[in-house]
Amino acid sequence: MAGQSPCIFCKIVAHRFPATIVYEDSDHLAFFPREHLNPGHLLLIPKHHIDYLFDMSAHSYLALWATVAKLAPGLQSVTSAKRVGVAVEGFAVPHVHVHMVPLYAREELNPARATLKDWPAVYGRRSVPNLAVSRTPSGVAVLPRALDGAGYLRR
Ligand SMILES: [Zn+2]
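Every value quoted in this text rests on a predicted model; they were computed, and no experiment measured them.

### Digging into the overall build of the protein
And step 1. Scanning the protein for helices and strands turns up four helices and seven strands.
And step 2. Evaluated residue by residue, the protein yields a buried proportion of 45% over its 155 residues.
And step 3. The long-range fraction of contacts in the protein, counting pairs at least 24 apart against all pairs at least 6 apart in sequence, stands at 56%.
And step 4. When the accessible surface of the protein is totalled, it reaches about 8,300 Å², and 56% of it is carbon and sulfur.

The structure is reproduced here in structure tokens:
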């Protein structure tokens, strides 16, 4: 289970590796990746470790994509993106993760565009709450927990 896994995403789920968590429910977590394609680029993962998207149970698979659909309108709204693009490859980390990327033009999902970002340095502690207060039409907060109380990075 997650607590014993060397998987970096399982460590984030177990709060044993810092990440800027922007969404969490009982089965999913979303956070900023270290390398991003555009500001607001999120990774959405199932909390349960599984390597390959198409090895997921039908229930978990549908729940994952339902969560993508819940988060996308809020992400699009707070970033003023024309669209939110999604991509799943899974070569770098063998734990299912959906890239959710605010897009403004074609070709922006190209992984070759990825750049490293130090998110606290990019956003600072004061500007990220602009994202934190945004909500999707379904009432799901995007970035509800990243900045509350304990600070920017959850441990
Ligand atoms: Zn994992």
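### As for the confidence of the model for the protein
And step 1. For the protein, mean pLDDT is 76; residues scoring 70 or higher make up 72% of the total.
And step 2. Ranking the elements of the protein by mean pLDDT puts helix α4 (residues 129–132) last with 40 and strand β5 (residues 83–87) first with 96.

### Description of the nonpolar core
And step 1. Ranked by internal contacts, the top residues of the largest apolar core, which has 17 residues, are Leu 44, Leu 64 and Met 100.
And step 2. Contributing elements (two or more residues each) for this core: β1 (21–24), β4 (42–46), α2 (58–79) and β6 (98–103).
And step 3. Top contributing element to this core by residue count: α2, with five residues.
And step 4. Apart from the residues within four sequence positions on either side, Leu 64 is in contact with His 28, Leu 44, Ile 45, Pro 46, Leu 53, Met 56, Val 96 and Val 98.

### Considering the pairing of β4
And step 1. Of all five residues in β4, five are buried; the element is thus mostly enclosed.
And step 2. Burial along β4 is two-sided: Leu 42, Leu 44 and Pro 46 facing one way and Leu 43 and Ile 45 facing the other are all buried.
And step 3. One ladder, built from four bridges, connects strand β2 (residues 28–31) with β4; its direction is antiparallel. The residue bridging His 28 from the neighbouring strand is Pro 46, located in β4.

### A short note on the packing of aromatic side chains
And step 1. A complete count under the given rule lists four aromatic pairs for this structure.
And step 2. Ring geometry for Phe 54 versus Tyr 61: centroids 6.0 Å apart, planes at 35°, classification tilted.
And step 3. Put simply, the rings of Tyr 52, Phe 54, Tyr 61 and Trp 65 pair up and form one aromatic cluster.

### Here's the deal with the side chain of His 36
And step 1. The topology assignment puts His 36 in strand β3 (residues 35–36).
And step 2. Here Asn 38 takes part through its backbone oxygen, which lies 3.0 Å from a polar atom of the side chain of His 36.

### Focus: the coordination of the zinc ion
And step 1. Coordination of the zinc ion by the protein is provided by Cys 7 (SG), Cys 10 (SG), His 49 (ND1) and His 95 (ND1), with metal-donor distances spanning 2.0 to 2.3 Å.
And step 2. One can describe the site at the zinc ion as tetrahedral: its four donor atoms subtend angles covering 105 to 119° at the metal.
And step 3. Donor residues binding the zinc ion come from one chain and are separated in sequence as C-x2-C-x38-H-x45-H.
And step 4. Owing to a relative accessible area of 0%, Cys 10 belongs among the buried residues under this scheme.

### Considerations on the pattern of salt bridges
And step 1. Evaluated as defined, the whole model comprises one salt bridge.
And step 2. Among the salt bridges present, the one from Glu 24 reaches Lys 47, with a minimum N-O distance of 2.8 Å. Placement of the pair is Glu 24 in strand β1 and Lys 47 in the loop between β4 and α2, with a sequence separation of 23 residues.
And step 3. The buried category is assigned to Glu 24, whose relative accessible area is 18%.
And step 4. Lys 47 gets classed as buried once you look at its relative accessible area, which sits at 17%.

### Looking at the sheet that holds β5
And step 1. Within the open sheet, the five strands sit side by side as β1-β2-β4-β6-β5. Their pairing is antiparallel. The sheet is open, and its two borders are formed by β1 and β5, each paired with just one other strand. Between one strand axis and the next, the sheet turns by 20° as a mean value, whatever way the strands run.
And step 2. Sheet topology places β5 next to β6; five bridges connect them, and they run antiparallel. Note that in β6 the partner of Val 86 across the bridge is Met 100.

Thresholds, definitions, all that
Residues numbered from 1 in each chain as written. Predicted model: local features only at pLDDT ≥ 70, side-chain atom pairs only at ≥ 80, totals over all residues. Heavy atoms only, no water. Helix = DSSP H or I, 4+ residues; strand = E, 2+ residues; numbered from the N terminus. Buried < 20%, exposed > 50% of the residue type's maximum accessible area, 1.4 Å probe, protein only. Contact = heavy atoms within 4.5 Å. Areas by Shrake-Rupley, 256 points an atom, 1.4 Å probe, with all protein chains shown as cover. pLDDT = per-residue confidence, 0-100. Core = buried A, V, L, I, M, F, W, Y, C linked by side-chain atoms within 4.5 Å. Pairing = 2+ DSSP bridges. Phe/Tyr/Trp six-rings, centres within 6.5 Å; stacked < 30°, edge-to-face > 60°. Polar contact = N/O pair within 3.5 Å; in protein donor to acceptor, adjacent residues only side chain to side chain. Donors = N, O, S within 2.8 Å, 3.2 Å for Na, K, Ca; no water. Tetrahedral: all angles 85-135°; square planar, octahedral: opposite > 155°, others 65-115°. Salt bridge = Lys/Arg side-chain N within 4 Å of Asp/Glu carboxyl O. Axes fitted to C-alpha atoms, helices over the stretch in contact; angles between N-to-C directions.

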